[in-house]
Amino acid sequence: MQDLNWNDIRVFLAVAEASQIGRAARALRLDPTTLGRRLRRLERQLEITLFERTREGQTLTEAGESLLAKAEAMAQAARTIDAVQSRQTGLGGNLRLSVSEGFGSQFLTLYLPDFARAHPNLSIELVANSGFLSPSKREADIAVMLSRPKAGPVICRKLSDYSLMLYASRRYLAAYGMPQRPRDLAQGHTLVSYIPDLLYAPELNYLDDFHAGLTAHIRSSSINAQNRLIEEGVGIGVLPRFIGDRGADLVPVCPDRSIRRSFWIVTHRDTQNLARVRLAKEWLLDCVRTGRRVLMPD
């Protein structure tokens, strides 16, 4: 029999974990057609059927279950080799970080250049947008999330708390006046916030924390777009202080009121000890230690 291709085994493992071809393809960053072709090649080589197709997706056959135990042992051996090689030759490979848009674009980018220069053989992918890739589905090596996952094969720990406040531009306040209390926002003011049915995390529903029933008139799924709209004098909105305090023309509104949210580091339990993952976790912790006053000002 022809020697098995390790990449085909990786495909098998991804489908077994994800239970769907499309989800496995995203985790491995492959085209679904290519992934399906590799899976069929593996079945032909082994002369067995590994999955049954059901309404829910791909379900392991008895032969597939048997192969799974052997393939997981191979994967563990590969991770051990990867860790040894990293210690001997310097850190390399690909590191994908999934973070919220604001934290990634306006906080981590302050520290990423030094990290990249310190590890020139490491390819770094900073995915900073509305939504998170899933470490449990192997879509990212590390995710910095807004809440602790309730299930899945993941390890998590709190990274940091951060503070948020209401902000407006000087231009807006000159035209419409400074609200004295959060309830004043309900009358005569334009509010900027997220689109309710496109919230990717309930922790982003900020306005009710300041006053129940407040409704935004200008909405965006992007915190960077909201920041820009507030700077342009469109209205009043909630921003993390690591964004709002940096705006030269932004003024805190109702400055005695703030809210707190948290960031959590999430990794897959099977990859948490890879050298690049351990290093990235330590780097993230160093970032928040250095920027503590930015995330949670006194």
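What this report covers is the structure whose coordinates are included nearby. These numbers come from a predicted model, not from an experiment. Residue positions are given per chain, counting from 1 as you read along its sequence in written order. Since the coordinates come from a predicted model, pLDDT governs what is reported: local features require at least 70, and pairs of side-chain atoms require 80 or more to be given and counted, while whole-chain, interface and lining totals use all residues. Only hydrogens and water are set aside when side-chain values are computed; all heavy atoms of the structure are taken into account.

1. Digging into the packing of helix H1 (residues 6-18) against helix H3 (residues 32-46)
Line of reasoning, step 1. One way to put it is that H1 packs onto H3 with a least axis distance of 9 Å and a crossing angle of 110°. Put simply, H1 runs roughly perpendicular to H3. Contact with H1, carried on its side by Asn7, Asp8, Ile9, Val11, Phe12 and Val15, involves Leu35, Arg38, Leu39, Arg41, Leu42 and Gln45 of H3 and no other residues of that element.
Line of reasoning, step 2. Looking at the contact of H1 with H3 residue by residue, the class counts come to seven nonpolar, two polar and three charged. Only C-alpha atoms enter the line fits that serve as axes; for helices the fit covers just the stretch in contact. Angles between N-to-C directions range over 0 to 180 degrees. We count a stretch as a helix when DSSP gives it H or I for four or more residues in a row; a strand needs E for two or more, and each element gets its number in order from the N terminus. Here roughly perpendicular refers to angles of 65 to 115 degrees, roughly parallel to angles under 35, roughly antiparallel to angles over 145, and oblique to all remaining angles. In this analysis, two residues are considered to be in contact whenever any of their non-hydrogen atoms come within 4.5 Å of each other. In this classification, the charged set is Asp, Glu, Lys and Arg, the nonpolar set is Ala, Val, Leu, Ile, Met, Phe, Trp, Tyr, Cys and Pro, and all remaining amino acids, among them Gly, are polar.

2. A look at unusual backbone geometry
Line of reasoning, step 1. The phi dihedral of Ser19 falls on the positive side, at around 65°, and the residue is not glycine.
Line of reasoning, step 2. As for its placement among the helices and strands, Ser19 is situated in the loop between H1 and helix H2 (21-28).

3. Considering the pattern of salt bridges
Line of reasoning, step 1. Throughout this description, the term salt bridge denotes a Lys or Arg side-chain nitrogen within 4 Å of a carboxyl oxygen of Asp or Glu. This model, assessed by the stated rule, comprises 13 salt bridges.
Line of reasoning, step 2. Asp141 serves as the salt-bridge partner of Arg276, at 3.7 Å between the closest nitrogen and oxygen. A residue pair is termed long-range when its members are at least 10 positions apart, and Arg276 in helix H11 (residues 275-290) and Asp141 in the loop between strand S4 (122-129) and strand S5 (142-145) qualify at 135 residues. Just as Arg276 is buried, Asp141 falls in that class too.
Line of reasoning, step 3. Glu231 is paired through a salt bridge with Arg228; the nearest N and O atoms lie 3.6 Å apart. One end of the pair is Glu231 and the other is Arg228, both in helix H9 (residues 223-231) and three residues apart, which spans about a single turn.
Line of reasoning, step 4. The exposure class assigned to Glu231 is partly exposed, which follows from its relative accessible area of 24%.
Line of reasoning, step 5. Each member of the salt-bridge network shares a partner with another, and the members are Lys158, Asp161 and Arg260. Burial classification: accessible surface area is computed with a 1.4 Å probe over protein chains only, and a residue below 20% of its type maximum counts as buried, one above 50% as exposed, and the rest as partly exposed.

Any functional reading would require information beyond the geometric quantities listed.
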